[in-house]
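So the chains spell out like this:
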Amino acid sequence: AGGSGNFLFVTLQKLLELEREVNHFLRDQGFTPQFPQVNPLQLHCLEIDPYAHDLSQTVVWIGYIQWLRANGYGFPAEPILKRMSANFRCADALFTEWPEVDFIVGNPPFLGNKRLRSELGDSHTKAICDTFGHRLPGTSDFCCYWFEKAREQIEKGKCKRAGLLGTTGAKQISSRRAFERIQETGRIFFAISDRDWFDAGTAIRICIVGFAGPDAADRPTLDGKEVAKINADLTGGLDTTGKHYLRANKMLCFMGTTKVGDFDIPQERAVEMLSAVNPHGKPNSDVLRPFRNGSDLVQGDSRRWIVDFGVGTPIEAAALYEAPFRHIVECVKPDREKNNDKWRRKHWWLLGRTLPDFREATGNLSRYIGTARVAKHRLFVWQNSPVLPDSKVIAIAFADDFRFGVLQSWFHIV
């Protein structure tokens, strides 16, 4: 995934600067410095988009010429912009054999596993599963497949080291099999576990991971500090990634709902619906619930509500709640009737995941504990029992202060 060539541009600049240092050393030792041997023809690129593929070659050559001029070497021989078609290939990097190189750097596409099919289509998603399904789980973020390709190159002796950007989701339990495989055949020698990044104008969180074969002698560096080892979840110290679950914790911890549709109701509209009267005399409060996602827990309450017809409610019963049902017909039904999942197409008025286990576990509680599924800092927040959690929230079926204190303790954080 070469993109417009920015990573190659920076790499070429660094190589030229390293060579300049060597030339300065040669001059100081009485030898004649050489004209730079480092040049764009040493670089390789794989990029699926034809425009980006062409642009990356131009970017690299212009960067090379700029460096030569800035360092007193004039212009290279004509033609100034040379063709690099043999090294710069317009192809899908996931299904193309990578060239044998010394180092791999890149910024793979950022896409969560839940969006693979909608963004890439059925055939492409199937090809990914067929190619990588025996190595990585289907819950892996898209970028993880680039990590696996690079790891394979190193294992086969076709590359020495790799450094790639990834989503912070790549280090979570659903995706980190890619990092575990790196540890099985080599080692992670460098990582930045969490930092800001801008992708297509959107602020996101990323990690940066450098890895090599098992013989790499570097002292591992994590978030700017030397550590004894970097674990597959990009932590140092005690490795908890291989530990087993406690059976006693079963049916206590739940991921929130996946809506699969615009079930959301703003506060003002929810107030109107709650005051409306239905033909069967039942209040809309039966099917309207406060709704909270991860940002609501750590930043501020967005005061959103959600239409929730529960588990297995027949359409005839749901339709009697007139205003909420009308919202679902207008805002949810058109898209859900096109959904690839048969159950979700047929039951378009119900949430994509109806959470029967969560409802059973919290049904008799006045409150439960919520925590953001992905967050830089781990904190726990009380939620009133009517609140329905989003998929970005983990709900824990405890209502007592003691166990809240245990979860919030430094011992548990570690």
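Structure: see above.
What counts, and where the lines are drawn
Residues numbered from 1 in each chain as written. Predicted model: local features only at pLDDT ≥ 70, side-chain atom pairs only at ≥ 80, totals over all residues. Heavy atoms only, no water. Helix = DSSP H or I, 4+ residues; strand = E, 2+ residues; numbered from the N terminus. Buried < 20%, exposed > 50% of the residue type's maximum accessible area, 1.4 Å probe, protein only. Contact = heavy atoms within 4.5 Å. Areas by Shrake-Rupley, 256 points an atom, 1.4 Å probe, with all protein chains shown as cover. Lys, Arg positive; Asp, Glu negative; His and termini not counted. Charge placed at Lys NZ, Arg CZ, Asp CG, Glu CD. Phe/Tyr/Trp six-rings, centres within 6.5 Å; stacked < 30°, edge-to-face > 60°. Lys NZ or Arg CZ within 6 Å of the ring centre and 35° of its normal. Pairing = 2+ DSSP bridges. Axes fitted to C-alpha atoms, helices over the stretch in contact; angles between N-to-C directions. Salt bridge = Lys/Arg side-chain N within 4 Å of Asp/Glu carboxyl O. Polar contact = N/O pair within 3.5 Å; in protein donor to acceptor, adjacent residues only side chain to side chain. Core = buried A, V, L, I, M, F, W, Y, C linked by side-chain atoms within 4.5 Å.

**Student:** Describe the overall build of the protein, and please don't skip the residues or the numbers.
**Tutor:** The number of helices and strands found in the protein is 15 helices and 16 strands. Considering only C-alpha atoms, the protein reaches an extent of 95 × 45 × 40 Å along its principal axes. The buried share of the protein, reckoned over its 414 residues, is 42%. Restricting to contacts in the protein with at least 6 residues of sequence separation, those with at least 24 account for 67%. Carbon and sulfur atoms make up 54% of the accessible area of the protein, which totals about 22700 Å². Charge separation in the protein, taken as the distance between the mean sites of 54 positive and 49 negative side-chain charges, equals 3 Å.

**Student:** Break down the packing of aromatic side chains for me, citing the residues and quoting the values.
**Tutor:** As enumerated under the stated definition, the model contains 14 aromatic pairs in all. Taking the centre distance of 5.0 Å and the plane angle of 85 degrees together, the rings of F142 and W146 count as edge-to-face. Owing to a relative accessible area of 6%, F142 belongs among the buried residues under this scheme. Here W146 falls in the buried class, since its relative accessible area comes to 7%. Put simply, the rings of F132, F142, Y145 and W146 pair up and form one aromatic cluster. In this structure, R161 is placed above the aromatic ring of F189, and the distance from its NZ or CZ to the ring centre is 4.6 Å.

**Student:** If you had to explain the sheet that holds strand β14 (residues 381-384) to someone new, which residues and values would you point to?
**Tutor:** Spatial strand order, β9-β16-β13-β14: four strands in an open sheet with antiparallel pairing. Only two strands of the sheet have a single neighbouring strand rather than two, namely β9 (253-255) and β14. Neighbouring strand axes in the sheet, compared pairwise and without regard to direction, differ in orientation by 35 degrees on average. Pairing of β9 with strand β16 (residues 393-396) involves three bridges; the strand directions are antiparallel. Bridging across to β16, M255 finds its partner in I394.

**Student:** Which residues make up the side chain of E47, and what values go with them?
**Tutor:** Tracing the chain through its elements places E47 in strand β1 (residues 45-47). For the buried E47, no salt bridge exists, and the shortest N-O distance to an oppositely charged side chain is 13 Å, to R89. At 3.2 Å, the side chain of E47 and the backbone nitrogen of G2 are in polar contact. Filtering out sequence-adjacent residues up to four positions away, E47 remains in contact with A1, G2, G3, A52, H53, R89, C90 and A91.

**Student:** Describe the nonpolar core, with residues and values.
**Tutor:** Ranked by internal contacts, the top residues of the largest apolar core, which has 37 residues, are F147, F179 and F211. Taken together, the elements giving at least two residues each to this core come down to α4 (122-132), α5 (144-155), β4 (161-167), α6 (177-185), β5 (187-199) and β6 (202-212). Counting residues per element, this core draws most heavily on α5, at six residues. Residues within four places of F179 in sequence aside, it is in contact with F147, A170, K171, C207, V209, A232 and L234. Listed in part, the 29 residues of the second largest apolar core include V307, A318, I328 and V332.

**Student:** Go over the sheet that holds β5, please, and point to the residues and values.
**Tutor:** What the six strands build is an open sheet, ordered β3-β4-β6-β5-β7-β8; its pairing is mixed. Lying at the two open borders of the sheet, with one neighbouring strand each, are β3 (103-106) and β8 (225-226). Summarising the sheet, β5 and β6 pair through ten bridges and their orientation is antiparallel. Directly across from D199, in β6, lies its bridge partner T202. Of the strands in this sheet, β5 and β6 touch α6, which is tilted by about 155 degrees from β5.

**Student:** Give me the pattern of salt bridges: which residues, what numbers.
**Tutor:** The tally for this structure, following the rule as stated, stands at 29 salt bridges. Measuring nitrogen to oxygen at the nearest pair gives 2.3 Å for the salt bridge that ties D194 to R205. With D194 in strand β5 and R205 in strand β6, the pair connects residues that are eleven residues apart, well separated along the chain. With its nearest N and O atoms 2.9 Å apart, the salt bridge here joins E272 to R269. One end of the pair is E272 and the other is R269, both in helix α7 (residues 267-275) and three residues apart, which spans about a single turn. By relative accessible area, E272 is classed as partly exposed at 46%. Within this structure, R135, E148, R151, E152, E155, K156 and R181 form a network of salt bridges that share partners.

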